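For reference, the chains in residue letters:
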Amino acid sequence: MKPVLFIFLFCFSNLIAQSKVTINGFVKDNYGKNIVGADVSLFTTDDLKLHVTTNTVGKFSIVILCGAINIEVQHIGYKNRSLQVEIKKDTSLFFTLDKSEFELKEVVVKNNIKRPITIGIGGKLSFSPQKMGNIPSLTGTPDIIKLLQLTPGVQNSGDGNSYIYVRGGDPGHNLMLYSDVTVYGMAHLLGVFPFYNADHITEVQFDRNNSNSKFGGRLSSTVSVLPYQIAPKDFSVQGNLGLLSSQVTLSVPITGKTGFYISGRKTYIDEIVGPLLKSSEDNANKESEDYRYGFYDSNFTFITEINKRNSLTLDSFLSGDKFTIDDPKTSLNADLKWSNVVISPTWKYSLSDAVIMKNSFFYTRYENDLQMKQTDINIGFSSYIQDLGFSNVFQYHIKNVSLESGFQYTLHNLLPQRFEVANLETITSGKQAEIIRANNTAVFANAKPKFSDKFSADLGLRLNYYTSDSNTTSYLHFEPRVMFYYFPKKDLSFYAAYTRQNQYINLITASSVGIPTDFWVAASEGIPSQSSNNFSIGSNKVFSKEISTSLNGYYRSMKNLIEYPYGLTQFNETTSLKNDILIGDGEAYGLEWMLKKDNGKFNGWISYTLSWSTRQFDGLNNGKPFYSKYDRRHNLALVGTYDFNRKWNVGLTQLFSSGNRFTMPTSWYFINNTPVREFDSYNNAQMPNYIRTDVSVNYSFFKTLKKESILNFSVFNTFNISNPIYVVLRVTVNGKKIAVDTDEKHLYSILPSISWRFKF
């Protein structure tokens, strides 16, 4: 018995000798955001595997025995990270994960990999505008909207338009967010200038399925624009000086954990912008007409970490545009103004290491005002939409399942149309000036369970309660969001998704080009809420560390779509908005493909979309289905950049898409010597195919992480291809003969520009 007891005590003493230590770790992404639910695996020299996940602040903690261990960190949508380390005492570790196409089972660590755009699973993608400076643009700075138009599923809207059309939806079907706050106006003049200052934006997240139940109120996609999210550590100045506009951004630290960013941008060359707005035949008369345009915008972000558990952020965005016309020949004077205001303070509080609460108040307003005077007639048109609301979000996890839930409330105030008319007896001034107030309350929940190493899901549910017209109109809607992922191999993934959306605030497009006279209306008596069911499947494939591809298919059915067929307005005493709007249905389906290369001297992607989009309204086309305006069968985009050396690089974008659809008369005849036109079907004609090539050349005087000086030369529409924005029919009557000619109106010709980007 004594030898046995001796051996037992000897073994026990060896276990006591191996002291235990605690490893505390944090997992974040490239922008300093906490990654919730990341998987952390620890392998010891004895082939013992331990497993833990990060909580809602991106933290993990585990007790192990001293010794050598191998740590692997992984999370869906990010590249894996591994570390081999000898642990002898309590240790703190910090991991930063780079975004990837999807969860890989291999570790790829390469510092010089350029990944300006990331293909996500399930129709998602993200990019940093500040990494897209080599892609051609008119002003020499990245244009977020035009960059999105180079990706699958997004229809190129053509010249004179800054909207995006995603998977057969209307422009108002896209949820446009700035710091999680809705932005209703999305354009500087006719899409010539980028709407956002890219120097103030760290990331753009684009979800074609609108799969996150935290976001609602739209039938189509979500575009989330994220400004700076961590306080600046050093003072810096960056910007762009160009012929069309200039911008500057200041990063100002106050303390080690407090600072702010402020950006400003302005155009100043009315004498150059004016001629761009004229067709070629009008240029000969430009001395008799005066066009003037100017815009400004500014961004402000204040960030402070009060203590380890509390942080405060204040984001604001302001923009204003003014366009004037003075035409002595027609005695026309017009003054058009539009503006945006977004303000959002956010308080983030860590209740514990496992629970984070985020509270946000927000205010957003968009308004436009058009004043026209011609001879003795004065016409004024104005509209606005204003939101005031609150959002509460909890992030936590239960048994390694990441969860997010919350509550949102929004008070909408809208003035869809207001007219002020003088010296025109047949028009009643202010007939349609009716302010609409609506309330929208929503609760939501998201869960990301991982069933196995190869099978996971995103599950969401949103409950909306909407009221307007003093509660005479109300809706209660459930919106499920379901997406399943399957990873049969390290470099291959599949997904299938279903989402349900409802929309209560709708955009009325009153112009065929991007003139900001469009207005928003709320679901109320006579104007129903819209709804859609969205189905999609797809796959992602990684061929190498440099090349990856994605293929997606989708189908969308839409109910209670609205159409306003009267242009800017109907001038009569009896009309009302709800009587003028047509109600109908629609469907869209298609295939999307993207091939992307990320590393080496040559980088870029190819994007192709094959799509169909139809509408059916009882009041149009005799109730028969017809192709929607932006049913563009083919949409192809090629994007490429090439680095010759550290000084020189070039960029190229090539776009091709089928033309927009419009309605053309099929025959003409006389009634009482008056020519009358006859239509066969709605949207029976098509504009010419849209083709455009843009080229840029960049010369870097110097470029480091903190300093840069780059000269940019860009040519918009390099081959001077005429892309009409609309067609005017010219009817000539000669006796009993009618001659009809089409006059295509163009906005842009070849446009060269030069700008200087700087940072110090």
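In the block above lies the structure referred to throughout.
Residues numbered from 1 in each chain as written. Predicted model: local features only at pLDDT ≥ 70, side-chain atom pairs only at ≥ 80, totals over all residues. Heavy atoms only, no water.

Which residues make up the nonpolar core, and what are the values?
By size, the foremost hydrophobic cluster in this structure holds 38 residues, and its most contacted members are Tyr-293, Ile-385, Ile-505, Ile-508, Phe-519, Trp-520 and Ile-581. Broken down by secondary-structure element, the contributors of at least two residues to this core are β19 (290-305), β21 (332-350), β22 (356-374), β23 (377-398), β24 (401-422), β25 (436-448), β29 (505-508) and β30 (519-522). The element contributing the most residues to this core is β30, with four residues. Contacts of Phe-519, omitting those with residues within four sequence positions, involve Phe-381, Ser-383, Pro-416, Gln-417, Asn-506, Leu-507, Ile-508, Tyr-564 and Leu-577. Formed by 34 residues, the second largest nonpolar core is a distinct cluster that contains Phe-127, Leu-148, Val-166 and Val-225. (Core = buried A, V, L, I, M, F, W, Y, C linked by side-chain atoms within 4.5 Å. Buried < 20%, exposed > 50% of the residue type's maximum accessible area, 1.4 Å probe, protein only. Helix = DSSP H or I, 4+ residues; strand = E, 2+ residues; numbered from the N terminus. Contact = heavy atoms within 4.5 Å.)

Summarise the packing of aromatic side chains; cite the residues concerned and give the values.
Scanning all chains against the criterion turns up 29 aromatic pairs. Note on Tyr-228 and Tyr-261: the rings are 3.8 Å apart at their centroids and 5 degrees apart in plane angle, and the pair reads as stacked. Of this pair, Tyr-228 sits in the loop between β15 (222-227) and β16 (236-242) while Tyr-261 is found in strand β18 (residues 258-267), placing the two residues 33 residues apart along the sequence. The residues Tyr-228 and Tyr-261 share a single accessibility class, namely buried. Centre to centre, the rings of Trp-347 and Tyr-349 are 5.6 Å apart; their planes meet at 25 degrees, and the pair counts as stacked. Taking the relative accessible area as the measure of exposure, Tyr-349 reaches 26% and is therefore partly exposed. (Phe/Tyr/Trp six-rings, centres within 6.5 Å; stacked < 30°, edge-to-face > 60°.)

I'd like a rundown of the side chain of Asp-598, residues and numbers included.
Inspection of the secondary structure assignment puts Asp-598 in the loop between β33 (582-597) and β34 (602-617). Polar side-chain contacts of Asp-598 include one of 2.6 Å to the side chain of Lys-596. (Polar contact = N/O pair within 3.5 Å; in protein donor to acceptor, adjacent residues only side chain to side chain.)

Go over the pairing of strand β27 (residues 473-489), please, and point to the residues and values.
Where strand β26 (residues 455-468) and β27 come together, 14 bridges link them in antiparallel fashion. Each bridged residue has a counterpart across the sheet, and for Tyr-466 the counterpart in β27 is Tyr-475. Hairpin connection between β26 and β27: a loop of four residues separates the two successive antiparallel strands, and Asp-469 in this loop has a positive phi of roughly 55 degrees. One ladder, built from seven bridges, connects β27 with strand β28 (residues 492-503); its direction is antiparallel. Its bridge partner lying in β28, Phe-484 is registered against Ala-496. Hairpin connection, β27 to β28: the antiparallel pair is bridged by two residues. (Pairing = 2+ DSSP bridges.)

Explain a nonpolar patch on the surface to me, using residue names and the numbers behind them.
A cluster of nonpolar side chains, contributed by Phe-451, Phe-455, Leu-459, Phe-484, Tyr-486 and Phe-494, occupies part of the molecular surface with about 540 Å² of accessible area. Those elements giving two or more residues to the nonpolar patch turn out to be β26 and β27. Within the secondary structure, Phe-455 is located in strand β26. (Patch = residues over 30% accessible without salt bridge, like charges linked within 9 Å, V, L, I, M, F, W, Y side chains within 5 Å. Areas by Shrake-Rupley, 256 points an atom, 1.4 Å probe, with all protein chains shown as cover. Salt bridge = Lys/Arg side-chain N within 4 Å of Asp/Glu carboxyl O.)

Which residues make up the sheet that holds strand β4 (residues 59-65), and what values do they have?
With mixed pairing, the three strands of this open sheet are ordered in space as β4-β1-β7. In this open sheet, the two strands that pair with only one neighbour each are β4 and β7 (91-97). Strand-to-strand twist of the sheet, defined as the mean angle between neighbouring strand axes without regard to direction, takes the value 25 degrees. Strand direction decides the pairing type here: strand β1 (residues 20-29) and β7, joined by seven bridges, are parallel. Following the sheet pairing, Val-27 is matched in β7 by Phe-95. (Axes fitted to C-alpha atoms, helices over the stretch in contact; angles between N-to-C directions.)

No statement about biological role is implied by the geometric values presented.
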